[in-house]
Amino acid sequence: MIKLTKRISRISPSMTLAMSAKSAEMKAAGEKVINFGVGEPDFNTPENIIQAAKDAMDKGYTKYVAAAGLPALKKAVCDKFKRDNNLDYKPSQIVISNGGKHAILNAVAAVVEEGDEVIIPSPYWLTYPEVVRFFGGVPVYVETTRENGFKMTAEQLEAAITDKTAMLIFNSPCNPTGAVYSEEEIKAIAAVCEKHELCVLSDEMYEKLVYDGLKHYSIAEVSPKIKELTILVNGVSKSYAMTGWRLGYLAAAEPVAKAIGSFQSHATSNVNTITQYAALAALEGDQTPMAEMVKAFADRREKMIEVLDGYKQFGLDYVKPEGAFYVMLVVDKFFGKSLNGKKVEGSMDFAMDLLAEQKVAATPGICFGDDSCIRLSYALSMEEMVEGLERIKAFCLSLK
Ligand SMILES: Cc1ncc(COP(=O)(O)O)c(C=O)c1O
């Protein structure tokens, strides 16, 4: 029998497997399941991007290219950083990877040694601790509060730092909470990182998805010193509805980017060349389709907030999300109640029973380190969203 490595055995099995299986089974049986579990925009990739990929194929751009990315795309990424974040990077500081996920894995591989601690504000995107553990790191969670909008304070960060801390994973706008840190809050966090020379992996995948006139602020903007300490991750998946194309990128100090580029050259080599031409069109082309998508998300968010405000009287609560396309619905008031003689004991039970009873799929908060909530994605049509919320209310009211 093949003996598995310690590092791969540290990866947890998917917590939502049972739910996905049940949901697929229901759909196969012809039932209409409303899915609040989706982690990607429900929009097609804009036409100009698709055309750029077709053109790349027609022109025969189907060969290997430089492992860390097409020079033209790296240049376009630098232009994007300048345009959107007022950050100056050179192409030699950029690595193009297979999605933001791959960029995160590369960053952790480059910085985290066996036994190092990595600070992760909780609730967190579930991949972070898995990647950290894979490389022998120890996730250290900082519990944020609903009162503080699920945001970690500088004081909390300071208190979590030890001599073993090697990295902070910072995610604004945040999946799963939708929290967006303000410039002031980010400056306070950056000051702590500067003081401790702490590396920050800043995951800014949802940069474009912010609402109420907010503007995303990157921690790397705070000062040259924090920029030097930051590995900035972004990509085209969420901003341009390109999740399946698999393209993300990172920017870092030159030696870090160089080391990551070498690692990638032996691991995966270049991202699919055609995808890179598509991403070039996304970053440099017409931004109107993206703006329309953001507008649609903003409208759904408005509606979601309006409906959920009306549900407070039934014991449902939430923290107003300012970015991404998720909201954490607080459902713990219903724990301990029963349906058909079966008690709901936590967010997993809640989500499983909600699916069985009302054919609504949502992600249990326990997956993100917060068992009091379920995460609702609003990457679904307005009609489905409203119908789904109605069903959630009905489910809650049926719990006795
Ligand atoms: C917070 C966060 N970071 C990174 C990613 C990875 O994005 P990609 O699909 O580009 O790998 C996701 C995807 O769900 C995400 O939610």
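Residues numbered from 1 in each chain as written. Predicted model: local features only at pLDDT ≥ 70, side-chain atom pairs only at ≥ 80, totals over all residues. Heavy atoms only, no water.

**Structural notes on the domain arrangement of the protein**
Often, the extent of an interface is quoted as the loss of accessible area on bringing the components together. When the domains of the protein are assigned, the result is domain 1 (6-44 + 289-398) and domain 2 (61-285). If you average the C-alpha positions of domain 1 and of domain 2, the two centres end up 26 Å apart. Taken together, the 37 residues of domain 1 in the interface contact 35 residues of domain 2. Summing the contributions of domain 1 and of domain 2, the shared interface buries around 2900 Å²; its carbon and sulfur component is 59%. Contact with domain 2 buries surface across domain 1, with R10, E322 and F368 losing the most and accounting together for 22% of the total. On inspection of domain 1 and its partner domain 2, the count reaches three salt bridges. As a salt-bridge pair, K151 and E322 come within 3.9 Å of each other at their nearest N and O atoms. Here domain 1 and domain 2 share 15 residue pairs in polar contact (both at pLDDT 80 or more) between them. By residue number, the principal contributor to the side of domain 1 that touches domain 2 is helix α12 (residues 288-311), which donates seven residues. Its residues placed into classes, the side of domain 1 that touches domain 2 shows 21 nonpolar, six polar and ten charged. (Domains from an automatic or database assignment. Contact = heavy atoms within 4.5 Å. Buried area = accessible area lost by both parts, 1.4 Å probe. Salt bridge = Lys/Arg side-chain N within 4 Å of Asp/Glu carboxyl O. Polar contact = N/O pair within 3.5 Å; in protein donor to acceptor, adjacent residues only side chain to side chain. Helix = DSSP H or I, 4+ residues; strand = E, 2+ residues; numbered from the N terminus. Nonpolar A, V, L, I, M, F, W, Y, C, P; charged D, E, K, R; others polar.)

**As for the sheet that holds strand β14 (residues 363-364)**
Strand order in the open sheet made by the four strands is β9-β10-β15-β14, with antiparallel pairing throughout. Two strands lie at the open edges of the sheet, namely β9 (317-318) and β14, each paired on one side alone. Sheet topology places β9 next to strand β10 (residues 326-330); two bridges connect them, and they run antiparallel. Looking at the pairing, Y318 lines up with L329 of β10. Lying on the sheet, helix α13 (residues 347-358) is in contact with β14 and β15 (373-377); it crosses β15 at an angle near 50 degrees. (Pairing = 2+ DSSP bridges. Axes fitted to C-alpha atoms, helices over the stretch in contact; angles between N-to-C directions.)

**With respect to the site of the ligand**
Near the ligand, the surroundings consist of 14 residues, among which G100, D203, S237, K238 and R246 are the closest. Within the contact set of the ligand, a nitrogen atom lies 2.5 Å away from a side-chain nitrogen or oxygen of D203. Relative to its free-state accessible area of 390 Å², the ligand is covered by the protein chains to the extent of 92%. The element contributing the most residues to the shell around the ligand is helix α5 (residues 99-111), with four residues. Looking at the shell around the ligand residue by residue, the class counts come to five nonpolar, five polar and four charged. (Near = heavy atom within 4 Å. Areas by Shrake-Rupley, 256 points an atom, 1.4 Å probe, with all protein chains shown as cover.)

**Some thoughts on the environment of P176**
Tracing the backbone shows P176 in the loop between β5 (165-171) and α8 (183-195). Among residues more than four places away in sequence, those in contact with P176 are P123, Y124, W125, Y326, V327, M328, F368 and R375.

**Some details on the state of the cysteines**
Evaluation of the coordinates by the stated rule reveals zero disulfides. Free cysteine: C367, not disulfide-bonded; nearest cysteine sulfur from C373 at 12 Å. Residue classification places C367 among the buried residues on the basis of a relative accessible area of 2%. With no disulfide of its own, C396 lies closest to C373 among cysteine sulfurs, the gap being 12 Å. Here C396 falls in the buried class, since its relative accessible area comes to 2%. (Disulfide = S-S within 2.5 Å. Buried < 20%, exposed > 50% of the residue type's maximum accessible area, 1.4 Å probe, protein only.)

**Here's the deal with the nonpolar core**
If you look at the biggest cluster of nonpolar residues, it comprises 94 residues, and the most contacted ones within it are F36, F350, L376 and L389. In terms of residues, this core owes the most to one element, α12, which gives nine residues. The residue makeup of this core includes at least three contributed by each of domain 1 (6-44 + 289-398) and domain 2 (61-285). When sequence neighbours within four positions are dropped, the list of residues in contact with F36 reads M304, V360, A361, A362, R375, L376, S377, L380, M385, G388, L389 and I392. Counting residues in hydrophobic clusters, the runner-up holds 21 residues, among them V142, A154, I189 and C193. (Core = buried A, V, L, I, M, F, W, Y, C linked by side-chain atoms within 4.5 Å.)

**Brief notes about the side chain of R300**
By the secondary structure assignment, R300 is in helix α12. Within the structure, R300 has its side chain in polar contact with the backbone oxygen of L380 (distance 3.2 Å). Sequence-distant contacts of R300, defined by excluding residues within four places in its chain, comprise D42, F43, Y378, A379, L380, S381, M382 and M385.

**Observations regarding the sheet that holds strand β3 (residues 117-122)**
Pairing between the strands of a sheet is mediated by backbone hydrogen bonds and can be parallel or antiparallel. Pairing is mixed in the open sheet, where seven strands are placed in the order β2-β8-β7-β6-β5-β3-β4. Of all strands in the sheet, those with a lone pairing partner are β2 (94-97) and β4 (138-143), marking the two edges. For this sheet the average axis-to-axis angle between neighbouring strands, irrespective of direction, equals 20 degrees. Bridge analysis of β3 against β5 gives three bridges, and the strand direction is parallel. Residue E117 lies in a different strand from β5, and its bridge partner there is T165.

**What to know about the environment of R301**
Relative to the elements of secondary structure, R301 occurs in helix α12. With 248 residues separating them along the chain, R301 and A53 place their C-alpha atoms 32 Å apart. Beyond its immediate sequence surroundings of up to four residues, R301 is in contact with Y211, D212, K320, P321, E322 and Y378.

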